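Spelled out from the first residue to the last, the chains are:
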Amino acid sequence: MKYLNALFAETKIALESVWSYKMNFISEILFIGGLYIALLYMDTGTSLGRYYGSPEDSKSLLLIGYILWNFSTMAIIVVGSNIEAEAARGTLEQKLTSIIPIYFLMIGKFLASILLEVIEVSLILIVSVLVFSVGITINFQSIVILLITLAGMYGIGLILGGLTLKFKNISRIINIFQTLLLFVSDTLMIISDEFSILNAIPLTKGNDLIRRVLVGQVVPMSDYLTLILFSMAWLVIGIVVFNYFKKLSRIDGLLSSY
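First things first, this report covers the structure right here in the doc. (Residues numbered from 1 in each chain as written. Predicted model: local features only at pLDDT ≥ 70, side-chain atom pairs only at ≥ 80, totals over all residues. Heavy atoms only, no water.)

### As for the packing of helix H2 (residues 22-41) against helix H4 (residues 58-89)
What describes two packed helices is the angle between their axes and the distance between those same axes. Between H2 and H4, the shortest axis-to-axis distance is 11 Å and the interhelical angle comes to 150°. Here H2 is positioned roughly antiparallel relative to H4, judged by the angle of their axes. Judged by the twist between their axes, the crossing of H2 over H4 is right-handed. The segment H2 lies against H4, with Ile 32, Leu 35, Tyr 36, Leu 39 and Leu 40 engaging Lys 59, Leu 62, Leu 63, Tyr 66, Trp 69 and Asn 70. Each residue belonging to the contact of H2 with H4 can be placed in one class, and the counts come to nine nonpolar, one polar and one charged. (Axes fitted to C-alpha atoms, helices over the stretch in contact; angles between N-to-C directions. Helix = DSSP H or I, 4+ residues; strand = E, 2+ residues; numbered from the N terminus. Parallel < 35°, antiparallel > 145°, perpendicular 65-115°, else oblique. Left-handed = near helix turned anticlockwise from the far one by under 90°. Contact = heavy atoms within 4.5 Å. Nonpolar A, V, L, I, M, F, W, Y, C, P; charged D, E, K, R; others polar.)

Here's what the structure looks like:
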């Protein structure tokens, strides 16, 4: 029960923090909305329609990939950004010495971020449908794919969070990484056919599955299992790496400094 209470408390604190700094939230909506509109005007995603055998759905295929990318980048930055914030407030050491693992507490921040991301994406969808007549179909399969993908991307976020514990401020590295994801995860175009290792990134595999669902293709259970395997592997690796850097930072006396 204490785990659930802690999770609820962290989620509540995160939402209250966003409400206190509403301009950050508004500016983020304007940025991701503006980027999406720019991509549409540049006819990005035309190759996606050809690849999935549905040229008329090119813009919808781009939109679903862009949405999944937004959720995924949120998942990878939530740990590192909150660790930086806790360190700046001087509360990081208390969180790390709590009886509840900090990577579990961060799930509360993660849930709050998901709620906010849903609001942002909903606004983008409304504008997309009303202004550009571009929409997507949301069903149970696509939600399952999204959640599995986010679990894996959260694992990658834990790795970056561990690096933040050690090196304090890696926001530029994280920004570069999330920008790279836009181009290497099949979000804008398919490149995983040439570099198959990119399929190990949950976002790449998630993009493929959710688009196949969108155009009405049957997705074999083996493909779902592959996504689950990759995501669970990243989650386990993330926890191990995060705990390693936490131990290393404690030994080096870095937890109480910023």
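### Some thoughts on helix H7 (residues 140-167)
Taking 1.5 Å per residue as the helical rise, H7 with its 28 residues ought to reach 40 Å, and the 40 Å between its terminal C-alpha atoms agrees with that figure. Of all 28 residues making up H7, 20 are buried, and the element is well covered by its neighbours. A positive phi of about 70° marks Lys 168, the residue just after H7. (Expected span 1.5 Å × (residues − 1). Buried < 20%, exposed > 50% of the residue type's maximum accessible area, 1.4 Å probe, protein only.)

### Observations concerning the pattern of salt bridges
One side chain can pair with another of opposite charge once the charged atoms of both are near each other. If you walk through the whole model with that rule in mind, you get two salt bridges. A salt bridge links Asp 208 to Arg 212; the nearest nitrogen and oxygen atoms lie 2.9 Å apart. Taken together, the positions of Asp 208 and Arg 212, both in helix H9 (residues 202-214) and four residues apart, correspond to about one turn of that helix. Taken as a pair, Asp 208 and Arg 212 share a single burial class, namely buried. (Salt bridge = Lys/Arg side-chain N within 4 Å of Asp/Glu carboxyl O.)

### Re the nonpolar core
By size, the foremost hydrophobic cluster in this structure holds 60 residues, and its most contacted members are Leu 63, Phe 71, Val 79, Phe 110 and Met 153. When contributions to this core are tallied by element, the ones reaching two or more residues are H2, H4, helix H5 (92-96), helix H6 (102-132), H7, helix H8 (171-184), H9 and helix H10 (221-251). It is H4 that provides the largest number of residues to this core, a total of 16 residues. In contact with Phe 110, other than residues within four places in its own chain, are Met 74, Ala 75, Val 78, Leu 150 and Tyr 154. (Core = buried A, V, L, I, M, F, W, Y, C linked by side-chain atoms within 4.5 Å.)

### Quick word on the packing of H4 against H6
Packing of H4 against H6 brings their axes to within 9 Å, and their N-to-C directions diverge by 145°. In this structure, H4 meets H6 at a crossing whose hand is right-handed. For the pair formed by H4 and H6, the contact residues are Leu 63, Tyr 66, Ile 67, Asn 70, Phe 71, Met 74, Ala 75, Val 78, Val 79, Asn 82, Ile 83 and Glu 86 on the first element and Met 106, Lys 109, Phe 110, Ser 113, Ile 114, Glu 117, Val 118, Val 121, Ile 124, Leu 125 and Ser 128 on the second.

### Examining the layout of surface pockets
Where empty space is left can be seen by rolling a probe of water-molecule size over the atoms. One number sums up the size of the second largest pocket: a volume of about 310 Å³. In terms of lining residues, the second largest pocket is bounded by 19 residues, among which Ile 67, Phe 71, Val 121, Ile 138 and Leu 146 are the most central. Among the secondary structure elements, those contributing two or more residues to the lining of the second largest pocket are H4, H6 and H7. Counting residues per element, the lining of the second largest pocket draws most heavily on H6, which supplies six residues. Class assignment for the residues of the lining of the second largest pocket results in 16 nonpolar, three polar and no charged. (1 Å grid on protein atoms, 1.4 Å probe; cavity = no way out; pocket = protein on both sides within 12 Å on 5 of 7 lines; lining within 4 Å. Points joined across faces, edges and corners; volume = space filled by probe spheres on them.)

### Remarks on empty space enclosed by the protein
Tallying each qualifying case throughout the model produces two cavities of 30 Å³ or more. In terms of lining, the largest cavity is formed by Ile 64, Thr 137, Asn 139, Ser 142, Ile 210, Val 213 and Leu 214. The element that contributes the greatest number of residues to the lining of the largest cavity is H9, accounting for three residues. Split into classes, the residues belonging to the lining of the largest cavity amount to four nonpolar, three polar and no charged.

### Things to note about the side chain of Asn 70
Take Asn 70: it is sitting in helix H4. Residue classification places Asn 70 among the buried residues on the basis of a relative accessible area of 5%. In contact with Asn 70, other than residues within four places in its own chain, are Ile 32 and Glu 117.

### Some thoughts on a nonpolar patch on the surface
Together, Ile 119, Leu 123, Ile 126, Val 127, Val 129, Leu 130 and Val 131 make up a nonpolar patch on the protein surface, roughly 620 Å² of accessible area in all. Positionally, Ile 119 belongs in helix H6. Look at Ile 119 and you get partly exposed, because its relative accessible area is 42%. (Patch = residues over 30% accessible without salt bridge, like charges linked within 9 Å, V, L, I, M, F, W, Y side chains within 5 Å. Areas by Shrake-Rupley, 256 points an atom, 1.4 Å probe, with all protein chains shown as cover.)

### Considering the packing of aromatic side chains
Considering all chains together, one arrives at six aromatic pairs under this definition. Clustering of aromatic rings is evident, with ring pairs tying together Tyr 36, Tyr 66 and Trp 69. (Phe/Tyr/Trp six-rings, centres within 6.5 Å; stacked < 30°, edge-to-face > 60°.)

### Focus on the environment of Thr 11
Of note, Thr 11 is situated in helix H1 (residues 2-20). What makes Thr 11 buried here is its relative accessible area of 14%. Separated by 47 residues in the primary sequence, Thr 11 and Ser 58 place their C-alpha atoms 36 Å from one another. What Thr 11 contacts, discounting residues up to four positions off in sequence, is Gly 108, Leu 111 and Ala 112.

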